[in-house]
Amino acid sequence: MPAHINKNYLNLKESYLFADIAHRVAEFQKANPDREIIRMGIGDVTRPLPETVVNAMKKACDEMGTPEHFHGYGPEQGYDFLREAVRKYYEGFGVSLDISEIFISDGAKSDCGNLLDILGTDNTVLVQDPVYPVYADTNVMDNRTIIYAKASEENDFLPMPEEKYKADIIYICSPNNPTGAVYNREQLKKWVDFALSMDSIIFFDAAYECFIDGDEPHSIYEIPGAKKCAVEVCSLSKKAGFTGTRCGYTIVPLELKRDGVQLNKLWLRRQTTKFNGVCYIVQRGAEAVFTEQGEKEISGNIHYYKENARIIMDTLDELGIYYTGGRYSPYVWMKCPKGMNSWTFFQYLLEEAGIVGTPGAGFGQSGENFFRLTAFSTHENTRKAMEKFRQLLK
Ligand code: MLT
């Protein structure tokens, strides 16, 4: 008998959005080797790792070179020193977690996909449109039925529960990727109550929580009842520059049960079987993120990116272009000018100004005519890009 492929993969677009964009940019660069390119597409950071983090990793590296302090296989769910640091971080939001509810991961993207291992393929799924492609694609891979909740100017890119959005798994990302929109407490409570009323599970992606400095919730567990209906993924990628270093965490509350089974147990079983944990050196670096000095250095970086977001927002205001995000988010979600569609604007910006952004249509149908810019570039390049915007779009 010949082996068979997972035919669901044939239902995916041929390449992942950011791989597609990287390919187009590489082609452009090949054809125009002298052109300067300013990258404001994929949400990759430019600030280096904080010094405190680097020092902690160096120290861990040295330990690994000694027989007394060498570490082989670590606990699949992460070292207690880091889980404890995460537990304390949540205390700062008034959320009390048991250490066994915290699982150290190699990032939010991986666990968004991995978590589906413990849920049946017969579950229906609600994602927002536009959507971070990982939520939709990983469900297409398992052939789950996907319902799309339209996010648009009409609802400030924050869709709310409706009868037609009843689903078993509900994805929420706040601050949102790609739109930068943020749910407030009452809005998030409506989603939690909605999920509780149907015994659904919310997948809450908190990857951008560090950009919030108002009263909006950082964690879904700030909402009463959420421990009975939500798992949460988070990442140090954007918070502390770990896009290349890879570390995050996933919270699976002990109270969360479906079919009479604790999801926490299933997740532990899955992780101990399929994962060998995050590298010790990286976990020591991650631990340093949560120290007083680490937090101080990180807030400098976040402030830096917020300043970029402000430069982008000021320019769009000046040009009279509608946008959302930017305030509590590194993403600014702008309407394409001059009636252009997303990919036309992508090509126009690339060719005329050497600026790379992400076409809204790449995040779903409702993203058409929109465009995402990231604030993760340098001040210098952000200013340069916005100057080019002024020249091109005034
Ligand atoms: C993005 O640009 O949407 C993000 O960088 C993707 C990610 O975090 O995986």
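The text that follows walks through the structure, step by step, so that each part is easy to find. Source: prediction; values computed, not measured.

1. Description of the packing of aromatic side chains
Applying the stated criterion across every chain yields a total of 30 aromatic pairs. Here Y331 and F376 contribute two aromatic rings whose centre-to-centre distance is 6.3 Å and whose plane-to-plane angle is 85°, an arrangement assigned as edge-to-face. One end of the pair, Y331, is in strand β12 (residues 331-335); the other, F376, is in the loop between β15 (370-374) and α12 (379-393), with 45 residues separating them in the sequence. Judged by its relative accessible area of 1%, Y331 falls in the buried class. Using a relative accessible area of 1% as the deciding quantity, one classes F376 as buried. Among the aromatic side chains, those forming a connected cluster through ring pairs are Y16, F18, F157, Y322, W333, F363 and F370. We note R47 situated over the ring of Y304; from NZ or CZ to the ring centre the distance is 4.4 Å.

2. A few points about the site of the ligand
If you check the shell around the ligand, you find F18, I42, G43, K109, Y132, N177, Y208, K238, Y331 and R372 and nothing else. In the environment of the ligand, an oxygen atom lies 2.6 Å from a nitrogen or oxygen atom belonging to the backbone of G43. A distance of 2.7 Å separates an oxygen atom of the ligand from a polar side-chain atom of R372. When the free accessible area of the ligand is taken as 270 Å², the share hidden by the protein chains comes to 84%. Two domains each provide a minimum of three residues to the shell around the ligand, namely domain 1 (7-49 + 294-393) and domain 2 (53-291).

3. Brief notes about the nonpolar core
By size, the foremost hydrophobic cluster in this structure holds 132 residues, and its most contacted members are Y90, I202, Y249 and F389. If you tally residues by element for this core, the top one is helix α10 (residues 292-319), at nine residues. Looking at which domains feed residues into this core, each of domain 1 (7-49 + 294-393) and domain 2 (53-291) gives three or more.

4. Describing the side chain of S329
Here S329 lies in the loop between β11 (323-325) and β12. One polar contact links the side chain of S329 to the main-chain amide nitrogen of Y331, over a distance of 2.9 Å. Ignoring sequence-local partners within four residues, the contact set of S329 consists of P175, N176, G180, F211 and A309.

5. A few points about helix α5 (residues 133-141)
Burial analysis of α5 places seven of its nine residues in the buried class, the great majority of the element. Within the span of α5, buried status applies to P133, V134, Y135, A136, T138, N139 and V140. Residues of α5 that are buried in the fold lie against α1 (17-31), α4 (108-114), β3 (124-129), β4 (145-150), β5 (169-173) and β6 (201-205). Just downstream of α5 lies N143, where phi reads positive at about 60°.

6. So, the sheet that holds β5
An order of β2-β8-β7-β6-β5-β3-β4 is seen for the seven strands of this open sheet, with the pairing classed as mixed. Only two strands of the sheet have a single neighbouring strand rather than two, namely β2 (102-105) and β4. For this sheet the average axis-to-axis angle between neighbouring strands, irrespective of direction, equals 20°. Strand direction decides the pairing type here: β5 and β6, joined by five bridges, are parallel. From the neighbouring strand, I172 faces β6, where its bridge partner is F204. Relative to β2, helix α3 (residues 80-91) is tilted by about 115°, and along the sheet it contacts β2, β7 (230-235) and β8 (248-251).

7. Brief notes about the pairing of β7
Among the six residues in β7, six count as buried, and that is most of the element. Burial along β7 is two-sided: the residues A230, E232 and C234 and V231, V233 and S235 are all buried. As defined by bridge partners, β6 adjoins β7 across four bridges and the pair is classed as parallel. If you follow F203 over to β7, its bridge partner there is V231.

8. Thoughts on the side chain of T52
Checked against the element boundaries, T52 lands in helix α2 (residues 51-64). The class of T52 is buried, set by a relative accessible area of 18%. In this structure T52 touches A288, T291, Q293, G294 and E297, once residues within four positions along its chain are discounted.

9. Some details on the state of the cysteines
Counted according to the given criterion, the structure contains zero disulfides. This cysteine, C247, is not joined by any disulfide, and C279 carries the nearest cysteine sulfur, 9.3 Å off. The class of C247 is buried, set by a relative accessible area of 1%.

10. Looking at the sheet that holds β15
The pairing of strands in a sheet happens through backbone hydrogen bonds and is either parallel or antiparallel. Read from one edge of the open sheet, four strands run β11-β12-β15-β14, paired in antiparallel fashion. Whereas interior strands pair on both sides, the edge strands pair on one side only; in this sheet they are β11 and β14 (358-359). Sheet analysis places β12 next to β15, joined by five bridges and oriented antiparallel. Within β15, the position partnered with M334 by the bridge is F371. Of the strands in this sheet, β12, β14 and β15 are in contact with helix α11 (residues 342-353), which crosses β15 at around 45°.

Calculation rules
- Residues numbered from 1 in each chain as written.
- Predicted model: local features only at pLDDT ≥ 70, side-chain atom pairs only at ≥ 80, totals over all residues.
- Heavy atoms only, no water.
- Phe/Tyr/Trp six-rings, centres within 6.5 Å; stacked < 30°, edge-to-face > 60°.
- Helix = DSSP H or I, 4+ residues; strand = E, 2+ residues; numbered from the N terminus.
- Buried < 20%, exposed > 50% of the residue type's maximum accessible area, 1.4 Å probe, protein only.
- Lys NZ or Arg CZ within 6 Å of the ring centre and 35° of its normal.
- Near = heavy atom within 4 Å.
- Polar contact = N/O pair within 3.5 Å; in protein donor to acceptor, adjacent residues only side chain to side chain.
- Areas by Shrake-Rupley, 256 points an atom, 1.4 Å probe, with all protein chains shown as cover.
- Domains from an automatic or database assignment.
- Core = buried A, V, L, I, M, F, W, Y, C linked by side-chain atoms within 4.5 Å.
- Contact = heavy atoms within 4.5 Å.
- Pairing = 2+ DSSP bridges.
- Axes fitted to C-alpha atoms, helices over the stretch in contact; angles between N-to-C directions.
- Disulfide = S-S within 2.5 Å.

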